[in-house]
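# Structural overview
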Amino acid sequence: MTTEFTDLGLHPQLVQAVTERGYTTPTPIQTAVIPTMLTGQDILGQAQTGTGKTAAFSLPILHNLKPGQGHVQALVLAPTRELGLQVAEAMAEYGRYRQISVVAVYGGTPYGPQIGALRRGADIVVGTPGRLLDLIQSKKLDLSQVQTVVLDEADEMLSMGFIDDIEAILQQTPAERQTALFSATLPNQIRQLADKYMRQPQAITIERAQRTVSTIEQRAYLVNEEDKLAALTRLFEVEPITSALIFARTRQGTAELANELTVRGFPAEALNGDLSQQAREQVLNRFRNNQIKVLVATDVAARGLDIDDISHVFNFDLPQDAEIYVHRVGRTGRAGKTGVALTLLTPKEQWRLRKIEQYNRHKVTLAALPTS
């Protein structure tokens, strides 16, 4: 039996806003999370990006809010500015018929406008841990009456070193609040956080039906570290690339690689944590509008990147983690199109590729580099 949004007991104005965005049938995570969160219960959700979890936690929060109370009623923590903005925009969109005010706060931009927005009154605050903590410590943000806290992409916040900040923020909220934690993976530290700050959470796990899509052709090329750039250049010369996303391990690596490709006649731009929010938006818009065809990014910078027609994903550096590989590769072959994922593999990383294949339940073809 299929569930519709109208069956979930949500406020009619929320259902109207969701329907106008073209959604009628909730995703599995929405069907599982929404009714549970509406009752005020804590949630420990394991779900990947792209499963629809933003609406899963946003709609119950918006349903339970009383607009215009003059204090912050809900708080969402996100690892990156990009994801925070995306969540804030979605919540504002879903809540637009209920006159709910959503304020996004994040680092890398001036404090003034964010403090001004908080002063005017925010029902919901969405933010990155560092900036949230700054605003709390300078008495610009009061969380003493928050009813619901959401930790989104908790594993990513952990890997970015935010765990102490998160604890400090949680300690500023009422003990009897509702807490929802979402994470693609549940390492020990995340489980400990849940044990400490959550009350008998309902565990919800949404498995992806397939680890990576069958419409994605996956190939790996065995090269020495110092030959990677030459190998990448050669692949660029022969592959029918319409737009490409290249993953590098470090911020510095993204900038250097983008420069090297541009010098070789393949204009590329870097997407990394060193960019201001405005610069980041400009880079993304140029990529979306096909003004640039190649983006070189770190994993953290690419979180929340929603672009459907990327023809090629390149792993210039193989990720440490099989799940990150799946996240990267899943950026191509979307919306029913085919895609190509190419990995430059050094001899000492071969064992890691085998681990990825086991996790992925999919063989990556070892291919020979095209000759000059």
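Here, every reference points to the structure presented above.
### Here's the deal with the sheet that holds strand S3 (residues 102-105)
- Taken together, the seven strands give an open sheet; going across it, the order is S3-S4-S2-S5-S6-S1-S7, and neighbouring strands pair in parallel fashion. Only two strands of the sheet have a single neighbouring strand rather than two, namely S3 and strand S7 (202-205). On average, each strand axis in the sheet is tilted by 15 degrees relative to the strand beside it, whichever way the strands run.
- Note that strand S1 (residues 43-46) and strand S6 (residues 178-183) share four bridges and pair parallel. Each bridged residue has a counterpart across the sheet, and for Gly 45 the counterpart in S6 is Phe 182.
- The strands touched by helix H3 (residues 53-64) within the sheet are strand S2 (74-77), strand S4 (124-127), strand S5 (148-151) and S6, with S5 carrying the most contacts at an inclination of about 175 degrees.

### Quick word on the nonpolar core
- The biggest cluster of nonpolar side chains holds 40 residues, and the ones touching the most others in it are Leu 10, Leu 59, Ile 61 and Ile 124.
- Going through the elements one at a time, helix H1 (12-20), helix H2 (28-38), H3, S2, helix H4 (81-94), S4 and S6 are the ones with two or more residues in this core.
- For this core, the leading source of residues is H4, giving seven residues.
- When near neighbours in sequence (up to four residues on either side) are disregarded, Ile 61 contacts Met 37, Ala 74, Met 91, Ile 124, Thr 148 and Val 150.
- Judged by nonpolar contacts, the second largest core, of 35 residues, contains Leu 44, Val 105, Ile 169 and Leu 186.

### Observations regarding the packing of aromatic side chains
- This structure, assessed with the given rule, holds three aromatic pairs.
- With centroids separated by 5.6 Å and ring planes inclined at 35 degrees, the aromatic side chains of Phe 57 and Phe 182 adopt a geometry described as tilted. Residue Phe 57 is found in helix H3, and its partner Phe 182 is found in strand S6; the two are separated by 125 residues along the sequence. You'll find Phe 57 and Phe 182 in the same group, each marked buried.
- Between Phe 236 and Phe 314, the aromatic rings sit 5.2 Å apart at their centres with planes inclined by 20 degrees, giving stacked as the arrangement. Of this pair, Phe 236 sits in helix H10 (residues 228-238) while Phe 314 sits in strand S12 (residues 312-315); the two residues are 78 residues apart in sequence, bridging distant segments of the chain. When sorted by exposure, Phe 236 lands in the same class as Phe 314, which is buried.
- Taken together, Phe 236, Phe 266 and Phe 314 form an aromatic cluster joined through their ring pairs.
- In this structure, Lys 228 packs its charged tip against the face of Phe 316, placed 5.4 Å from the ring centre.

What counts, and at which threshold
Residues numbered from 1 in each chain as written. Predicted model: local features only at pLDDT ≥ 70, side-chain atom pairs only at ≥ 80, totals over all residues. Heavy atoms only, no water. Pairing = 2+ DSSP bridges. Helix = DSSP H or I, 4+ residues; strand = E, 2+ residues; numbered from the N terminus. Axes fitted to C-alpha atoms, helices over the stretch in contact; angles between N-to-C directions. Contact = heavy atoms within 4.5 Å. Core = buried A, V, L, I, M, F, W, Y, C linked by side-chain atoms within 4.5 Å. Buried < 20%, exposed > 50% of the residue type's maximum accessible area, 1.4 Å probe, protein only. Phe/Tyr/Trp six-rings, centres within 6.5 Å; stacked < 30°, edge-to-face > 60°. Lys NZ or Arg CZ within 6 Å of the ring centre and 35° of its normal.

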